[in-house]
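The primary structure of each chain is shown beneath.
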Amino acid sequence: MNPDHSPSVSPYLGADLCGAVLTLTLQRPEALNSLTTELIDALRARLEQAAADPAVRCVVITGAGRAFCAGQDLKDPAVAAVEGGTADLGAVVARHYKPLMLCLRAMPVPTVAAVNGVAAGAGASLALACDVAIARRGANFLQAFGAIGLIPDSGATWLLPRLAGRARALGMTLLGEKIGAERAAHMGLIWSCVDDDAFEAEVTRTAERLAGLPTRAMARTRALIDDAQHTSFAQALDAEALAQGELGRAPDYAEGVAAFTQKRAPRFTDR
Ligand code: T3D
């Protein structure tokens, strides 16, 4: 492990750098890794640290124990619904969830959600906001918001229709039924559903493969695909030309072409 990543900013967040892959583990298994405001902020701080560290070329987010993340910790005093309903959830979303999700979507390296178990509420948003989501066959996704009188947040209203379409987004959020990993993969919510005994190896294989790719191009690809959801075809072509111009001047392109012509494996180092 890289010593820079050994001290934890929160006892509830593990950070382990193995090669160029940083694994961040939500560590509140007794509460299904539900998110306190402290844990949300710690996760964002770790992501910011990783974004600035050239040694990190891929980030994996996972959960300890049987759950990935059960969303907001409903017992956290920060969200306590006092009688009369005066909890300021808007402030929690704006001050804690929004910065976390923006940071995650702007990472300069690929992100992987290793969904080891249930991903509910904001926990599902966290998984679905990663670039590649891989789930154990026994995992499931739950839009838990409606059952407690809330709307889907942490980007869920943006992510769900884009990933699965409006009808499925509404079905999932209004009915609030658990979606198993296999169905989630068929719906296009996640990249893949993997048998339990093959899960860890598949996450490692995928993360190491992503870490070996030209990360700057990966991050630009994510941004272009997200932006293209609300631009015209012509605007998308312009944005692609601009990005390709920049990437063509970056060292990874020269390395990629050199490796191809010399029939060797490329060594990408840019970020
Ligand atoms: O600021 C704001 O609040 C707005 C932002 C909201 C974002 C959100 O995420 S809202 C949605 C919050 N999440 C939920 O509503 C999910 C609540 N949890 C569940 O529905 C179920 O726990 C699961 C379906 C996820 C799993 O069910 P199951 O039967 O496998 O486990 P369990 O027995 O319900 O839970 C095990 C323990 O974890 C239990 O504690 P105990 O009784 O053993 O001491 C349970 O209380 C705890 N736990 C589970 N989820 C949460 C939680 N504790 C706090 N907060 C949770 N979200």
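This section reports on the structure supplied with the text. (Residues numbered from 1 in each chain as written. Predicted model: local features only at pLDDT ≥ 70, side-chain atom pairs only at ≥ 80, totals over all residues. Heavy atoms only, no water.)

What follows concerns the overall build of the chain. Along its length, the chain carries ten helices and ten strands. Taken over the C-alpha trace, the chain has a radius of gyration of 19 Å; the compact-globule value for 271 residues is 18 Å, and the two agree within 12%. Viewed in the frame of its principal axes, the chain has a C-alpha envelope of about 70 × 45 × 35 Å. Within the chain, contacts between residues at least 6 apart in sequence are counted, and of these 69% link residues at least 24 apart. Carbon and sulfur atoms make up 57% of the accessible area of the chain, which totals about 13500 Å². Here the chain contributes 26 positive and 29 negative side-chain charges, whose respective centroids are spaced 4 Å apart. (Helix = DSSP H or I, 4+ residues; strand = E, 2+ residues; numbered from the N terminus. Rg over C-alpha atoms; globule rule 2.2 N^0.38 Å. Contact = heavy atoms within 4.5 Å. Areas by Shrake-Rupley, 256 points an atom, 1.4 Å probe, with all protein chains shown as cover. Lys, Arg positive; Asp, Glu negative; His and termini not counted. Charge placed at Lys NZ, Arg CZ, Asp CG, Glu CD.)

Right, let's talk about the nonpolar core for a bit. Core analysis: the biggest nonpolar cluster contains 54 residues, and Leu47, Val59, Phe68, Val115, Leu126 and Phe141 have the highest contact counts within it. Those residues in contact with Val59 that lie beyond four places of it in its chain are Leu22, Leu24, Leu47, Ala50, Met107, Val109, Pro110, Thr111 and Val112. With 13 residues, the next largest nonpolar core counts Val21, Cys58, Val60 and Ala114 among its residues. (Core = buried A, V, L, I, M, F, W, Y, C linked by side-chain atoms within 4.5 Å. Buried < 20%, exposed > 50% of the residue type's maximum accessible area, 1.4 Å probe, protein only.)

This paragraph deals with the pattern of salt bridges. Considering all chains together, one arrives at eleven salt bridges under this definition. Note that Asp226 and Arg105 form a salt bridge whose closest N and O atoms lie 2.8 Å from each other. Note that Asp226 is positioned in helix H8 (residues 215–227) and Arg105 in helix H2 (residues 89–105), a separation of 121 residues in sequence. Its relative accessible area of 23% is what places Arg105 among the partly exposed residues. The salt bridge partner of Arg222 is Asp131, with a shortest N-O separation of 2.7 Å. Taken as a pair, Arg222 in helix H8 and Asp131 in the loop between helix H3 (122–129) and strand E7 (132–136) lie far apart in primary sequence, 91 residues in all. On the basis of relative accessibility, which here comes to 32%, the residue Asp131 falls in the partly exposed class. Here the residues in one salt-bridge network are Arg137, Glu182 and Asp195, joined through shared partners. (Salt bridge = Lys/Arg side-chain N within 4 Å of Asp/Glu carboxyl O.)

Lining the immediate environment of the ligand, one finds 23 residues, of which Arg66, Gln72, Lys75, Ala122 and Asp153 sit closest. In this structure, a nitrogen atom belonging to the ligand sits 2.9 Å away from a main-chain N or O atom of Ala70. Interatomic distance of 2.9 Å between a backbone N/O atom of Leu74 and a nitrogen atom of the ligand. Coverage of the ligand by the protein amounts to 69% of the 1100 Å² it exposes when considered alone. By residue number, the principal contributor to the shell around the ligand is H2, which donates three residues. Residue classes in the shell around the ligand are distributed as 13 nonpolar, four polar and six charged. (Near = heavy atom within 4 Å. Polar contact = N/O pair within 3.5 Å; in protein donor to acceptor, adjacent residues only side chain to side chain. Nonpolar A, V, L, I, M, F, W, Y, C, P; charged D, E, K, R; others polar.)

This part takes up the pairing of strand E5 (residues 111–115). Of all five residues in E5, five are buried; the element is thus mostly enclosed. Taking every second residue as pointing to the same face, both faces of E5 are buried, with Thr111, Ala113 and Val115 on one and Val112 and Ala114 on the other. Examined bridge by bridge, E5 and E7 share four bridges and lie parallel to one another. In the sheet register, Ala113 faces E7, and the bridge partner there is Ala133. (Pairing = 2+ DSSP bridges.)

Let us now look at unusual backbone geometry. In this structure, Ser154 takes a positive phi of about 60° despite not being glycine. With respect to the helices and strands, the residue Ser154 is situated in the loop between strand E8 (140–142) and helix H4 (156–164). Residue Lys263 is not a glycine yet carries a positive backbone phi of 55°. Of note, Lys263 is situated in the segment after helix H10 (251–261). Accessibility expressed as a relative area gives 77% for Lys263, which makes it exposed.

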